Amino acid sequence: MARVVCITLNPALDLAFNLDALTLGHVNRPTSAQLEAAGKGVNVARVLERELARPSWRREHVAMGTNTDPYQPIERRHKITRQVLEVLLRFNHPVSVITKSDLICRDIDILAPMAAQGLLRVGISLTTLDADLSRRMEPRAAAPYKRLQTVRALADAGIEVIVMTAPIIPALNEHEIE
């Protein structure tokens, strides 16, 4: 039987806590202030590059966005996720990205070549199509129409996109899945 291993990489968390490791367990979510203060911390892309260059590294799938969204507002300025994706592309390394953000479109120039090589999986989380409900449930996330535009832009670039609907909450958004 094949061994399945998945390394999770959450750049904003790694940066916020100055972690010099790629695998994270359960952690508390940092505040925006903590993330901003940590902007001068560990260079996650450099750490990843060192790890991937090691002879002992097995080409294990990297998953981004499993604990925190890799495209948080801080990403616009620090480009941590973009730097990580550039490293993964250089090493032809498989990755999956889960996000609620339209900022992922900024990185289509990196993601499209990865997708063409079969190295990439992208998941866009879409909790609801109701803009008001979305603002209340996910105040920092992209509006539903922006997420749909993101799916279209990624698909137009040849990137396969999985759309996930979660959480489903009775009496709030469950009617949207019927």
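See the structure shown above.
Residues numbered from 1 in each chain as written. Predicted model: local features only at pLDDT ≥ 70, side-chain atom pairs only at ≥ 80, totals over all residues. Heavy atoms only, no water.

Caption draft 1: Geometry of the overall build of the protein. The helix and strand tally for the protein stands at eight helices and five strands. Listing the helices and strands of the protein from first to last along the sequence gives β-α-α-α-β-α-α-β-α-β-α-α-β. Going through the 178 residues of the protein one by one, you find that 43% of them count as buried. The long-range fraction of contacts in the protein, counting pairs at least 24 apart against all pairs at least 6 apart in sequence, stands at 73%. Only carbon and sulfur atoms are counted for the fraction: they give 54% of the accessible area of the protein, which is about 9,700 Å². (Helix = DSSP H or I, 4+ residues; strand = E, 2+ residues; numbered from the N terminus. Buried < 20%, exposed > 50% of the residue type's maximum accessible area, 1.4 Å probe, protein only. Contact = heavy atoms within 4.5 Å. Areas by Shrake-Rupley, 256 points an atom, 1.4 Å probe, with all protein chains shown as cover.)

Caption draft 2: Structural detail: the side chain of E75. Along the chain, E75 turns up in helix α4 (residues 75–78). A residue is classified by how much of its surface remains accessible, and E75, at 2% relative accessible area, is buried. Of the polar contacts made by the side chain of E75, one reaches the backbone nitrogen of R82; its length is 3.1 Å. Ignoring anything within four residues of it in the chain, the contact list for E75 reads P70, I80, T81, R82, L103 and R106. (Polar contact = N/O pair within 3.5 Å; in protein donor to acceptor, adjacent residues only side chain to side chain.)

Caption draft 3: Representation of the packing of helix α3 (residues 44–53) against helix α5 (residues 80–90) in the model. Contact geometry of α3 with α5 gives a least axis separation of 8 Å together with a crossing angle of 20°. Relative to α5, α3 is oriented roughly parallel. Handedness of the α3/α5 crossing: right-handed. When α3 is examined against α5, the residues V44, A45, L48, E49 and L52 are found in contact with a partner set consisting of I80, Q83, V84, V87, L88 and R90. Looking at the contact of α3 with α5 residue by residue, the class counts come to eight nonpolar, one polar and two charged. (Axes fitted to C-alpha atoms, helices over the stretch in contact; angles between N-to-C directions. Parallel < 35°, antiparallel > 145°, perpendicular 65-115°, else oblique. Left-handed = near helix turned anticlockwise from the far one by under 90°. Nonpolar A, V, L, I, M, F, W, Y, C, P; charged D, E, K, R; others polar.)

Caption draft 4: How the structure looks around the nonpolar core. By size, the foremost hydrophobic cluster in this structure holds 30 residues, and its most contacted members are L85, L88, V95, L120 and L154. Contributions of two or more residues to this core are made by α3, β2 (61–64), α5, β3 (95–99), α6 (108–116), β4 (120–125) and α8 (144–156). Other than its neighbours up to four places away in sequence, L85 contacts M64, Y71, V95, V97, D107, I110, L111 and M114. (Core = buried A, V, L, I, M, F, W, Y, C linked by side-chain atoms within 4.5 Å.)

Caption draft 5: Fine view of the environment of V163. As for its placement among the helices and strands, V163 is situated in strand β5 (residues 161–164). Judged by its relative accessible area of 42%, V163 falls in the partly exposed class. Considering only alpha carbons, one finds V163 and R147, 16 residues apart in sequence, at a separation of 9.5 Å. The residues contacting V163, other than those within four sequence positions of it, are I124, L126 and V151.

Caption draft 6: Examining the packing of α5 against α6 more closely. The contact between α5 and α6 brings their axes to 10 Å, and the two run at 30°. Classified by the angle their axes make, α5 and α6 are roughly parallel. Crossing of α5 against α6: the hand is left-handed. Where α5 abuts α6, its residues R82, L85, E86, L88 and L89 lie against D109, I110, L111, P113 and M114. For the contact of α5 with α6, the residue count by class is seven nonpolar, no polar and three charged.

Caption draft 7: A look at the pattern of salt bridges. For the structure shown, the criterion picks out 11 salt bridges. Among the salt bridges present, the one from K100 reaches E138, with a minimum N-O distance of 2.4 Å. One end of the pair, K100, is in the loop between β3 and α6; the other, E138, is in the loop between α7 (131–137) and α8, and 38 residues separate them in sequence. If you follow the salt bridges from partner to partner, you end up with E75, R82, E86, R106, D107 and D109 in one network. (Salt bridge = Lys/Arg side-chain N within 4 Å of Asp/Glu carboxyl O.)

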